[in-house]
Amino acid sequence: MVLDRSPRLDLVFHALAHPARRAIIRQLTGGERNLSELAAPLKMTFPAATKHVRVLEHAKLIRRRVEGRQHFCRLEATPLKEATLWTESFRQHWEAQFEALDSLLDEMKSEERARPRRS
Amino acid sequence: MNTTSSQGLQISTPTDTTIVLTRTFNAPRRLVWEAMFTPDRMRRWMLPPPGLTMTTCECDARVGGKLSVAWKSDEADPVMTLRGEFTEVALLEYAVHTETMALGSGQTIGSLVEKHQFADQGAVTAMSITQTYNSKEDRDGALASGMDQGMEACYQTLDALLGERS
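Caption draft 1: Structural context of the nonpolar core. If you look at the biggest cluster of nonpolar residues, it comprises 18 residues, and the most contacted ones within it are Leu 105 and Met 108 of chain A together with Phe 25, Ala 27, Leu 31, Val 32 and Ala 35 of chain B. Listed by contribution, the elements that provide at least two residues to this core are α5 (82-114) of chain A together with α1 (29-37) of chain B. Sorting elements by how many residues they give to this core places α1 of chain B first, with six residues. Leave out the neighbours within four places in its chain, and Leu 105 of chain A touches Phe 25, Asn 26, Ala 27, Leu 31, Val 32 and Ala 35 of chain B. Core analysis: the second largest hydrophobic core is formed by 16 residues, Ala 39, Ala 49, Ile 62 and Cys 73 of chain A among them.

As structure tokens, then:
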């Protein structure tokens, strides 16, 4: 357990810990969206969606600009390539298993060489 | 979405409910199959979640054959189980099995169908695992599971990414 995390990282993790906010980020990877466009697929009220947008904004993951009565959001954290980030620990888990499998297969090949099978 | 590592692991999401893992192994197909579906071999590569120890590992890769894995922690035995059944098997070619993860209490965590396919690629064997989940939410949940658990690996990735920003 690492306790001395930066407050910024805490904010980012808090922001990403909700499925609705991850959905918003995913939408924004497609480009700038206004608030109603973001709220629509979330099946939630406009104020509820706005609340999630504020959390993301606070974590500096998105930026909001106002144009007339429209609020447009865009992804601020370009290095946070969501797909890579989301799949990172999934990928690492499988890669670790496959590396163990590599070693096991090497051993199995050596076993076979030591004890040639009769055909 | 496609991510490739230097070791050749490819992860893709061709549909809303699937994850496909593809990787090559430097061994004949017969050995890869044996490593994947023989309990004594599986114990070697099926890495337990952090803090858990594998107690049971049963696998009978024939149609109708059962798959059963259990893990214990210091607090509970079992703390988590994986149970499934093989529904389609063509020896050394492909195998399909169901898979349900549950807590020791019996409460289901999630279920999916896994299809393993094996193919010769010159001297190496290409294996693909297609995981099919019940819904997009379940699929995304599996992909993001490490994220929700706040795994250290994820923190490190984020640290690196945030480092690039500042």
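Caption draft 2: Summary view of unusual backbone geometry. Here the amide bond leading from Asp 77 of chain B into Pro 78 of chain B is cis, since omega sits at 0°, within 30 degrees of zero. In the Ramachandran plot, Lys 43 of chain A falls in the positive-phi region, its phi being about 50° despite a non-glycine side chain. Looking at the element boundaries, Lys 43 of chain A is found in the loop between α3 (35-39) and α4 (46-58). Owing to 9 C-beta atoms within 10 Å, Lys 43 of chain A belongs among the exposed residues under this scheme.

Caption draft 3: Layout of the sheet that holds strand β3 (residues 70-75) of chain A. Residues and elements named next belong to chain A. What the three strands build is an open sheet, ordered β1-β3-β2; its pairing is antiparallel. Where the open sheet ends on each side, the last strands, each with one partner, are β1 (33-34) and β2 (62-67). Two strands pair when backbone bridges link them, and β2 and β3 are joined in this way by six bridges, in the antiparallel orientation. Bridged to Arg 65 within β3 is Phe 72. On top of the sheet, helix α2 (residues 19-28) reaches β1, β2 and β3; it is set at about 85° to β3, its chief contact. Relative to β2, α4 is tilted by about 120°, and along the sheet it contacts β2 and β3.

Caption draft 4: Spatial organisation of the environment of Gln 117 of chain B. Residue and element names in this part refer to chain B. When you line up the elements, Gln 117 lands in strand β8 (residues 108-121). Separated by 24 residues in the primary sequence, Gln 117 and Glu 93 have C-alpha atoms spaced 5.9 Å apart. Discounting residues that sit within four places of it in the chain, Gln 117 has contacts with Tyr 94, Met 127 and Ser 128.

Caption draft 5: How the structure looks around the confidence of the model for chain A. Residues and elements named next belong to chain A. Averaged over all residues, the pLDDT of chain A equals 80, while 79% of them reach at least 70. Mean pLDDT per element in chain A: helix α1 (residues 7-16) is the minimum at 71, and β1 is the maximum at 91. The model gives residues 1-6 a pLDDT under 50, and that stretch makes three contacts with residues more than four places away or in other chains.

Caption draft 6: Structural view of the packing of α2 of chain A against α4 of chain A. Residues and elements named next belong to chain A. It is the contact of α2 with α4, at a shortest axis distance of 10 Å, that shows an interaxial angle of 75°. Classed by the angle they form, the pair α2 and α4 counts as roughly perpendicular. Facing Ala 20, Arg 21 and Ile 24 of α2, the residues of α4 in contact are His 52, Val 53, Val 55 and Leu 56. Residue composition of the contact of α2 with α4, grouped by class: five nonpolar, one polar and one charged.

Caption draft 7: Examining α2 of chain A more closely. All buried positions along α2 of chain A are accounted for by Arg 21, Arg 22, Ile 24, Ile 25 and Leu 28 of chain A. The buried residues of α2 of chain A occupy an angular sector of 155° when projected down its axis, which confines them to one face.

Caption draft 8: A look at the pairing of strand β4 (residues 53-59) of chain B. All names here are of chain B. Bridge analysis of β4 against strand β5 (residues 66-72) gives six bridges, and the strand direction is antiparallel. Across the sheet, the residue bridging to Met 54 is Trp 71, located in β5. The turn joining β4 and β5, which pair antiparallel and follow one another in sequence, is formed by six residues; a positive phi near 90° is taken by Gly 64.

Caption draft 9: Quick peek at the environment of Pro 14 of chain B. Structurally, the position occupied by Pro 14 of chain B is in the loop between β2 (10-12) and β3 (18-25). Exposure remark for Pro 14 of chain B: the 11 C-beta atoms within 10 Å place this residue in the exposed category.

Scoring rules and cut-offs
- Residues numbered from 1 in each chain as written.
- Chains lettered and ligands numbered in written order.
- Predicted model: local features only at pLDDT ≥ 70, side-chain atom pairs only at ≥ 80, totals over all residues.
- Core = buried A, V, L, I, M, F, W, Y, C linked by C-beta atoms within 7 Å.
- Buried ≥ 20, exposed ≤ 12 C-beta atoms within 10 Å, placed from the backbone.
- Helix = DSSP H or I, 4+ residues; strand = E, 2+ residues; numbered from the N terminus.
- Contact = placed C-beta atoms within 7 Å.
- Pairing = 2+ DSSP bridges.
- Axes fitted to C-alpha atoms, helices over the stretch in contact; angles between N-to-C directions.
- pLDDT = per-residue confidence, 0-100.
- Parallel < 35°, antiparallel > 145°, perpendicular 65-115°, else oblique.
- Nonpolar A, V, L, I, M, F, W, Y, C, P; charged D, E, K, R; others polar.
- Arc of directions from axis to C-beta.

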